[in-house]
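Summary of structural features
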Amino acid sequence: MHFPSARRSSRSRPFLGVSSLGVPSLGVPSLRRRASDAVELMDDPDCDPVKLASTYANFRFVNGVVSGWRGMYRRDIRPLLSSTRESTLLDVGCGGGDVARALARWAARDGLRLRITAVDPDARAHAYAMSLPPLPGLTFRRALSSDLVAERRRFDVVVSNHVLHHLTGEQLGGLLADSERLAAHRVLHADIERSRFAYLGFGLGTWPLFRRSFIRDDGLTSIRRSFTAAELREVVPPGWQVTREHPSRLVLRRVVPAGPASAGFASAVPSAVSASAGSVLAETVPASVSFPVKSDRRNGHSRPEREPERVHVHVHERGQANDSGARVRDVIVVGGGPVGILLAGLLAVRGVDVEVVEQRAKPSLRSRAIGIHPPSLRALEQLGVAEEVLARAVRIRGGVVRSDGRTLGRLAFTETVDRMQSVISLPQFETEAVLRARFAELAPGRLRGGVTVTGVSERGGRVAVETAKTVETAKPGGTHGTVEGIGTGGTGEGGVSAGETLEARYVVAADGARSLVRDLLGIRCTARTGGETYLMSDYPDTGEHLGEAVLFFERGGVVESFPLPGGRRRWVAMTPTLQADATSDDLAALIRARTGTQLPPTTAEASAFSVQQRLATRLVAGRVVLIGDAAHQISPIGGQGMNLGWLDALQLAPALERALRDPEAASGVLGDYDRRRRRSARMAARQADFNMAMGGPVQGLSLRARNGLVRALAAPPASAVLARAFTMRWL
């Protein structure tokens, strides 16, 4: 079936065309609202069959660039698959079948058993898909998702590609209802996002390509029809998560609860007809559905008449107990800092039974790490807190390098208007507060404070974690945890007995650079370069460098300045020695002497630190995994430490999920985590070495040579590579 109108009105034509000079014109239509009435050329049943076949044939090239399925396969699908047990996947609205074929090839290449069913109701799309050489494990059907619901079919994973933008509120509700009925574990609906960046990028990127197809015209129309992330969040039921994974790509995810609860929402609504279309340009959409909706007058969208409750039922076996009857968790995370809490939240979103034990009874209010880079925003978006973090933070537009009062160069960090590609600044304690609140929603009561781990040992397929109550005593520069009550049976903060032994199938050490768990396991750390000393404090912003990070490469050593929320700035200066007793006034005097900048008075305390760089010799020891500073200590100069730990969490969460579900694959996926994260840590350490070397004190010819190098690096094309490095896009 097709759209009711086979012809497009003039308002549905793309605005980005070709000028009389033969170059693409840059007129962009208003994208404030969805152009839901726009119709694509290939939806005409009488469209040119040669152009249609060319369109199907070229989908694989365009989707390879814009759709991101390779990354989703690695993060979301591959961890669910097994080399010994066959898994099943349904591709709804598969079009010419390019996505289904790519998934089949990747799984086969990885030695994983995956059977794919790809459905589309369009006879033309089905005929094209069937004309291609067959692939083992891949079946094409001309069918609707509702046909499979009627057949009581179930699949481990349900996916679609670029279908959502073709749907009305009723049709979207129908697709989601069918997806919940059909999926046993996970649903992934990927689509483009409506934005000027997407429209201009696609229009320019496809000119003058694909002239004998509908790809360019219909692709621009599809962008006009698409949702923004905020719009899609408004219309999907609870339990569905919308993430922005690229300036022009959205993914609508659902981790399906296990057992009878998995039927919750789907069983409450009648089966609905799904959309077809599976490529950059979705091919067809059914004309009607039977999904009951009611109007939401607040926003003009339609919502399902019955909404499910948010259920926190885990995918894996729950309620296991040890010999004493105590619960055995899937995962215990030791350390409730930003890395440990993010990992725990990502695991909870995936349905893993997770608990966190933290030595501190109360969160630290020290600012510490402030920079958050685009890859980390992707992790925060998966947890559902990116928008809240962005709302609290200040955006860093770019960086400027100065020396002797002159500007040596600039780097721009905001190439697009997409907020998820931003570099932002937010004090660590505020970020922690957001993460803790989200984890409390996902797993109430699972963060236990005031508990110190005193022993870790494997017991068959479990890990025993011995605990004791933490008593925090005031020390200069913060608090220090001591241990008491081992074996006393007293009760620690958060309800854990002081001396109680907890058990889990896996334990993650996220307990920082002085990791007790790492020491208990006897894992050594290899020391890298380090020893440089710095002094930092926060001051009111003078307004001189709005929205920019500033690096002063001066003779006596580097001075760095970064914007903070609330009209403040962080200032950091390299010092000849560790100045533990220095005050904020001392730092202000040093900065004035080096840069000429007069800082306002501040009530914030100065903090001195010495850089240490270490890498654990291994990140996995049996059923215990290291993450964050416990795995690698990186110089804070450059803002990589916390972000690197978050990228650890982004990879470890799906690896642990698969290890829990498929024990035979555990060694492989955790070994892959070890190799990849150690490699990333070495790259980050080398970048930190470069940062510190560039900021060291120099004189004479060395100063002129360094400034010349900075000018060269700040000019294209090197500036684009440098900006990518400083925003951690290759880690």
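Residues numbered from 1 in each chain as written. Predicted model: local features only at pLDDT ≥ 70, side-chain atom pairs only at ≥ 80, totals over all residues. Heavy atoms only, no water.

Quick look at the nonpolar core now. Of all hydrophobic cores here, the largest spans 70 residues; its most connected members are V331 and L380. Beyond its immediate stretch of four places on either side in the chain, V331 contacts L347, V352, D353, V354, E355, A504, Y506, V508, L656 and L660. (Core = buried A, V, L, I, M, F, W, Y, C linked by side-chain atoms within 4.5 Å. Buried < 20%, exposed > 50% of the residue type's maximum accessible area, 1.4 Å probe, protein only. Contact = heavy atoms within 4.5 Å.)

Another point: the side chain of S179. You can see S179 is positioned in helix α6 (residues 169-182). Looking at S179, the relative accessible area reads 2%, which means it is buried. A distance of 2.8 Å separates the side chain of S179 from the backbone oxygen of L175, its partner in a polar contact. Those residues in contact with S179 that lie beyond four places of it in its chain are V158, V187, H189 and W240. (Helix = DSSP H or I, 4+ residues; strand = E, 2+ residues; numbered from the N terminus. Polar contact = N/O pair within 3.5 Å; in protein donor to acceptor, adjacent residues only side chain to side chain.)

So, about helix α11 (residues 338-349). For α11, built from twelve residues, the straight-helix expectation of 16 Å at 1.5 Å per residue is met to within 8% by its first-to-last C-alpha distance of 16 Å. Along α11, eleven of the twelve residues are buried, which leaves the element largely enclosed by surrounding structure. Just beyond α11, the residue with positive phi is G351, at close to 85 degrees. (Expected span 1.5 Å × (residues − 1).)

This part takes up the sheet that holds strand β16 (residues 423-425). Strand order in the open sheet formed by three strands is β12-β16-β13, and the pairing between neighbours is antiparallel. Two strands in the sheet have a free side with no partner beyond their single neighbour: β12 (371-372) and β13 (394-396). In this structure, β13 lies alongside β16, joined through three bridges in antiparallel fashion. Its bridge partner lying in β16, V394 is registered against S425. (Pairing = 2+ DSSP bridges.)

This next bit is on the environment of G405. With respect to the helices, strands and loops of the structure, G405 is situated in the loop between β14 (398-403) and β15 (406-412). Put simply, G405 and G596 are 191 residues apart on the chain and 8.3 Å apart in space, counted from C-alpha to C-alpha.

Once that is clear, we can look at the sheet that holds strand β23 (residues 533-540). Sheet strands associate in pairs through backbone hydrogen bonding, adopting either a parallel or an antiparallel arrangement. Within the open sheet, the seven strands sit side by side as β15-β14-β24-β25-β26-β23-β27. Their pairing is mixed. What marks the edges here is a single partner per strand, and that holds for β15 and β27 (607-610). Ignoring strand direction, the axes of neighbouring strands in this sheet form an average angle of 20 degrees. Bridge analysis of β14 against strand β24 (residues 548-554) gives five bridges, and the strand direction is parallel. Across the sheet, residue G398 finds its bridge partner in β24, namely E548. (Axes fitted to C-alpha atoms, helices over the stretch in contact; angles between N-to-C directions.)

As for its position among the elements, A468 is in strand β19 (residues 462-475). A C-alpha to C-alpha distance of 6.7 Å links A468 and T454, two positions 14 residues apart in sequence.

Despite not being glycine, H162 has its phi angle at roughly 55 degrees, a positive value. Considering the arrangement of structural elements, one finds H162 in the loop between β4 (155-161) and α6.

Let us now look at the confidence of the model for the chain. A residue-level look at the chain finds 71% of positions with pLDDT of 70 or above and a mean pLDDT of 77. Confidence, expressed as mean pLDDT per element, reaches its minimum in the chain at strand β8 (residues 293-295) with 31 and its maximum at strand β30 (residues 624-626) with 97. When the criterion is pLDDT under 50, residues 1-26 qualifies, and its contacts beyond four places in sequence or with other chains add up to 65 contacts. Contacts from residues 475-498, a stretch scored under 50 in pLDDT, to residues over four places away or in other chains number 57 contacts. (pLDDT = per-residue confidence, 0-100.)

The subject of this paragraph is the packing of helix α12 (residues 374-383) against helix α17 (residues 641-661). Packed helices, taken two at a time, are described by the angle between their axes plus the distance between the axes. It is at 9 Å that the axes of α12 and α17 come closest, and there the two elements cross at 50 degrees. Here α12 lies oblique to α17, going by the angle between them. Here α12 runs over α17; the crossing is left-handed. When α12 is examined against α17, the residues P375, S376, R378, A379, L380 and Q382 are found in contact with a partner set consisting of N643, W646, L647 and L650. Grouping the amino acids of the contact of α12 with α17 by side-chain chemistry returns six nonpolar, three polar and one charged. (Parallel < 35°, antiparallel > 145°, perpendicular 65-115°, else oblique. Left-handed = near helix turned anticlockwise from the far one by under 90°. Nonpolar A, V, L, I, M, F, W, Y, C, P; charged D, E, K, R; others polar.)

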